[in-house]
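# A structural walkthrough
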Amino acid sequence: MYIAMNRFRVNPERTQEFEQIWLERETHLQGLPGFVEFHMLRGPEKEDHVLYASHTVWRSREDFEAWTHSEAFRKAHANAGQSKREGLYLGPPSFEGFEVIQTVSEADKA
């Protein structure tokens, strides 16, 4: 498995707007080869920002990379640079990709 994450530093006065954008957007992920699940995470609030992270699980790194070159990826990110979002983000998102080396689940108890 492969986990792709983007960290977003969001203006604390605009967290509701940020969350609304993500809750209303079309992800274009369902049905893609290798897509497992997506989570948008709200993290700690600092003095100058609130940390958020998008967390996408893929069957493999190759599946993730294929998505980044797809029409679905272009559609999902079509509005990313809208000027009305100026001041919403404190800098660009920070990408982190991870190869899963261990998974422990509730199902493992049985």
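Look above for the structure.
Anyway, here's the lowdown on the structure attached to this text. (Residues numbered from 1 in each chain as written. Predicted model: local features only at pLDDT ≥ 70, side-chain atom pairs only at ≥ 80, totals over all residues. Heavy atoms only, no water.)

### Brief notes about the pattern of salt bridges
- As enumerated under the stated definition, the model contains seven salt bridges in all.
- In this structure, the salt-bridge partner of Arg7 is Glu96, at a minimum N-O distance of 2.8 Å. Placement of Arg7 in strand 1 (residues 2-10) and of Glu96 in strand 4 (residues 94-99) is noted, with a sequence separation of 89 residues between them.
- When the shortest N-O distance is used, the salt bridge between Arg42 and Glu19 registers 2.7 Å. A residue pair is termed long-range when its members are at least 10 positions apart, and Arg42 in strand 2 (residues 35-45) and Glu19 in helix 1 (residues 15-24) qualify at 23 residues.
- Classification of Arg42 by relative accessible area gives exposed; the value is 59%.
- Connected through salt bridges with shared partners, the residues Arg61, Glu65 and Glu99 form a single ionic network. (Salt bridge = Lys/Arg side-chain N within 4 Å of Asp/Glu carboxyl O. Helix = DSSP H or I, 4+ residues; strand = E, 2+ residues; numbered from the N terminus. Buried < 20%, exposed > 50% of the residue type's maximum accessible area, 1.4 Å probe, protein only.)

### A word on the nonpolar core
- If you look at the biggest cluster of nonpolar residues, it comprises eight residues: Phe8, Val10, Phe18, Ile21, Trp22, Val50, Tyr52 and Leu88.
- Those elements giving two or more residues to this core turn out to be strand 1, helix 1 and strand 3 (50-58).
- Considering every element that reaches this core, the biggest residue donor is helix 1, with three residues.
- Among all residues touching Leu88, those that are not within four sequence positions of it are Arg9, Val10, Asn11, Arg14, Glu17, Phe18 and Ile21. (Core = buried A, V, L, I, M, F, W, Y, C linked by side-chain atoms within 4.5 Å. Contact = heavy atoms within 4.5 Å.)

### Remarks on the packing of aromatic side chains
- Per the counting criterion, the structure on display carries 14 aromatic pairs.
- Considering the side-chain rings of Tyr2 and Phe64, the 5.4 Å spacing of their centres and the 35° angle between planes classify their relative orientation as tilted. Placement of Tyr2 in strand 1 and of Phe64 in helix 2 (residues 61-68) is noted, with a sequence separation of 62 residues between them.
- A relative accessible area of 3% places Tyr2 in the buried class.
- Overall, the relative accessible area of 10% leaves Phe64 in the buried class. (Phe/Tyr/Trp six-rings, centres within 6.5 Å; stacked < 30°, edge-to-face > 60°.)

### Remarks on the side chain of Ser70
- On the secondary structure map, Ser70 appears in the loop between helix 2 and helix 3 (71-76).
- Given the relative accessible area of 17%, Ser70 is considered buried.
- Only 3.4 Å separates the side chain of Ser70 from the backbone nitrogen of Ala72, close enough to count as a polar contact. (Polar contact = N/O pair within 3.5 Å; in protein donor to acceptor, adjacent residues only side chain to side chain.)

### Observations regarding helix 1
- The set of residues buried in helix 1 consists of Thr15, Phe18, Ile21 and Trp22. The buried residues of helix 1 occupy one face: seen down the axis, they fall within an arc of 125°. Residues of helix 1 that are exposed and point more than 90 degrees away from the buried face comprise Gln16, Leu23 and Glu24. (Arc of directions from axis to C-beta.)

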